[in-house]
Amino acid sequence: MKKTLIIAEAGVNHNGDINLAKKLIAAAADANVDYVKFQTFNSKKLVSKNAEKASYQKKNTGNSSESQLAMLQRLELSREMHLELIKYSNLKGIKFLSTGFDLESIDFLNELNIALFKVPSGEITNLPYLRKIGSLGKPVIISTGMANLKEVEEAILAILGAGTSKSDITVLHCNTEYPTPMEDVNLKAMSTIEEAFDVSIGYSDHTLGIEIPVAAVALGAKVIEKHFTLDKTLEGPDHKASLDPKELKAMVKAIRNIEKALGHGRKEPSDSEKKNKPIARKSIIAKTSIKKGDVFSNKNITVKRPGIGISPMLWDTILGKVATKDYEEDDLI
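Bear in mind the structure is a predicted one, so any value in this text is a computation, not a measurement.

Colleague: Help me understand the environment of Leu248 in this model?
Modeller: Mapped onto the elements of the fold, Leu248 is located in helix H11 (residues 245-262). When residues no more than four places from it in sequence are discounted, the contact partners of Leu248 are Ala8, Ala27, Ala28, Ala31, Val33, Phe228 and Leu243.

This is the structure:
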């Protein structure tokens, strides 16, 4: 089985602090994820000055009067910070990613030779944005929070139409609520996307805990994305719905165990259990003493462990046969 791609979403949990961002990279590397991902945007090109914060952002920042623009301006990463974080990621042996939220940011990330591009849920209905990413000739991951199946289809078609091949597209089921209530996860929708569009699938998770992304892998997710932070009590919009480093490690370990457990799909004895077959299975056994020439019947044969003799599945074949030797009670027939 091909290894699940695990993306640790640092997002804006660096709070605009380069040192905190580096600590996030180190924590992601320590958890053995495949990518650590940040967010690249120009606040003034992303939101208007009148845009309000989402309800979860108001709650998590403790400031309902501040505009979304003012909040995001504190969370921007400069060009220099990007270069420093990429260098630090390389030092830590982890791949760097970032989601671009505007056309100029996409160009900037492409100049940095980012390996793949991520369409965040909020941009799935942004046609110029989708065409821009689709024209780059790189693998694309699409998050589908807040979208219906028709909108997912239109986004895929836009990216395909711009030149990206279907084999380079992965679509992530997602729910854009922080944290996502369990009853709203609708994990089966991931399989619906796969069946509808014949694309690689994955899951971007905003629930509390690790069980839902682990379950997604069991259902066929090829990519898992999960927010993480160094401290859930830090000020900022996403910290409270993120994993801490210990939880991130636990999620990675659980996913890797699930990958092993899914196996090859053939129903056959494993190497580890073969030794237990003769112990756990049964054979046809003498129920009483049997003399040579006696006929085997329900009265003188039975079924007991060990399973090293004649299989009980041959019971009907043995009934009525004549004993060719003497048997003591509990002797294998």
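Colleague: When you look at helix H1 (residues 18-30) in this model, what are you seeing that I'm missing?
Modeller: Think of an α-helix as turning once every 3.6 residues; residues three or four places apart then point the same way. End to end, H1 covers 18 Å across 13 residues, agreeing with the expected 18 Å (1.5 Å per residue, within 8%). Every buried residue of H1 is listed here: Ile18, Leu20, Ala21, Leu24, Ile25, Ala27, Ala28 and Ala29. Where H1 is buried, its residues touch strand E1 (5-11), strand E2 (35-40), helix H5 (79-92) and H11. You can read the cap of H1 off the contacts: a side-chain oxygen lies 2.9 Å from the backbone nitrogen of Asn19, and it is on Asp17. Phi for Asn32, located one or two positions after H1, is positive at around 65°.

Colleague: Explain the packing of aromatic side chains to me, please; I cannot follow it from the model alone.
Modeller: The description of an aromatic ring pair uses the distance of the two centres, along with the angle that the planes make with each other. Within this structure, the stated rule accounts for three aromatic pairs. Here the aromatic rings of Phe38 and Phe96 are separated by 5.6 Å at their centres, their planes lie at 20°, and the arrangement is stacked. Of this pair, Phe38 sits in strand E2 while Phe96 sits in strand E3 (residues 95-100), and the two are 58 residues apart along the sequence. Take Phe38 and Phe96: they sit in the same class, and that class is buried. Plain terms: the ring middles of Phe41 and Phe101 are 6.2 Å apart, the flat faces sit at 90° to each other, and that makes the pair edge-to-face. One end of the pair, Phe41, is in the loop between E2 and helix H2 (43-46); the other, Phe101, is in the loop between E3 and helix H6 (103-111), with 60 residues separating them in the sequence.

Colleague: It is not clear to me how the packing of helix H7 (residues 127-134) against helix H8 (residues 149-161) should be interpreted in this structure. Could you clarify?
Modeller: Each packed pair of helices is defined by two parameters, the angle between the axes and the distance between the axes. Two elements in contact, H7 and H8, have axes whose closest approach is 7 Å; the angle formed by their N-to-C orientations is 45°. By the angle between their directions, the pair H7 and H8 is classed as oblique. The crossing of H7 and H8 is right-handed. Of the residues in H8, those in contact with Leu127, Leu130, Arg131 and Gly134 of H7 are Ala155, Ala158 and Ile159. Broken down by class, the residue content of the contact of H7 with H8 amounts to five nonpolar, one polar and one charged.

Colleague: What's the story with the side chain of Asp238 in this structure? I'm lost.
Modeller: By secondary structure assignment, the location of Asp238 is in the loop between strand E8 (223-227) and H11. For Asp238, which is buried and forms no salt bridge, the nearest opposite charge comes from Lys37, at a distance of 9.4 Å. Once residues lying within four places of it in the same chain are set aside, the contact partners of Asp238 are Val12, Asn13, Tyr56, Tyr178 and His227.

Colleague: I'm lost on the pairing of E8 in this one. Help?
Modeller: Each regular strand shows side chains that alternate between the opposite faces of the sheet. Within E8, five of the five residues are buried, which leaves the element mostly enclosed by the surrounding structure. Burial along E8 is two-sided: Val223, Glu225 and His227 facing one way and Ile224 and Lys226 facing the other are all buried. Note: strand E7 (residues 200-205) against E8, four bridges, orientation parallel. Across the sheet, the residue bridging to Ser204 is Glu225, located in E8. Between the parallel elements E7 and E8, the chain passes through helix H10 (residues 211-218) in a crossover that is right-handed.

Rules and cut-offs
Residues numbered from 1 in each chain as written. Predicted model: local features only at pLDDT ≥ 70, side-chain atom pairs only at ≥ 80, totals over all residues. Heavy atoms only, no water. Helix = DSSP H or I, 4+ residues; strand = E, 2+ residues; numbered from the N terminus. Contact = heavy atoms within 4.5 Å. Expected span 1.5 Å × (residues − 1). Buried < 20%, exposed > 50% of the residue type's maximum accessible area, 1.4 Å probe, protein only. Polar contact = N/O pair within 3.5 Å; in protein donor to acceptor, adjacent residues only side chain to side chain. Phe/Tyr/Trp six-rings, centres within 6.5 Å; stacked < 30°, edge-to-face > 60°. Axes fitted to C-alpha atoms, helices over the stretch in contact; angles between N-to-C directions. Parallel < 35°, antiparallel > 145°, perpendicular 65-115°, else oblique. Left-handed = near helix turned anticlockwise from the far one by under 90°. Nonpolar A, V, L, I, M, F, W, Y, C, P; charged D, E, K, R; others polar. Lys, Arg positive; Asp, Glu negative; His and termini not counted. Salt bridge = Lys/Arg side-chain N within 4 Å of Asp/Glu carboxyl O. Pairing = 2+ DSSP bridges. Right-handed = clockwise from strand over helix to strand, strands pointing away.

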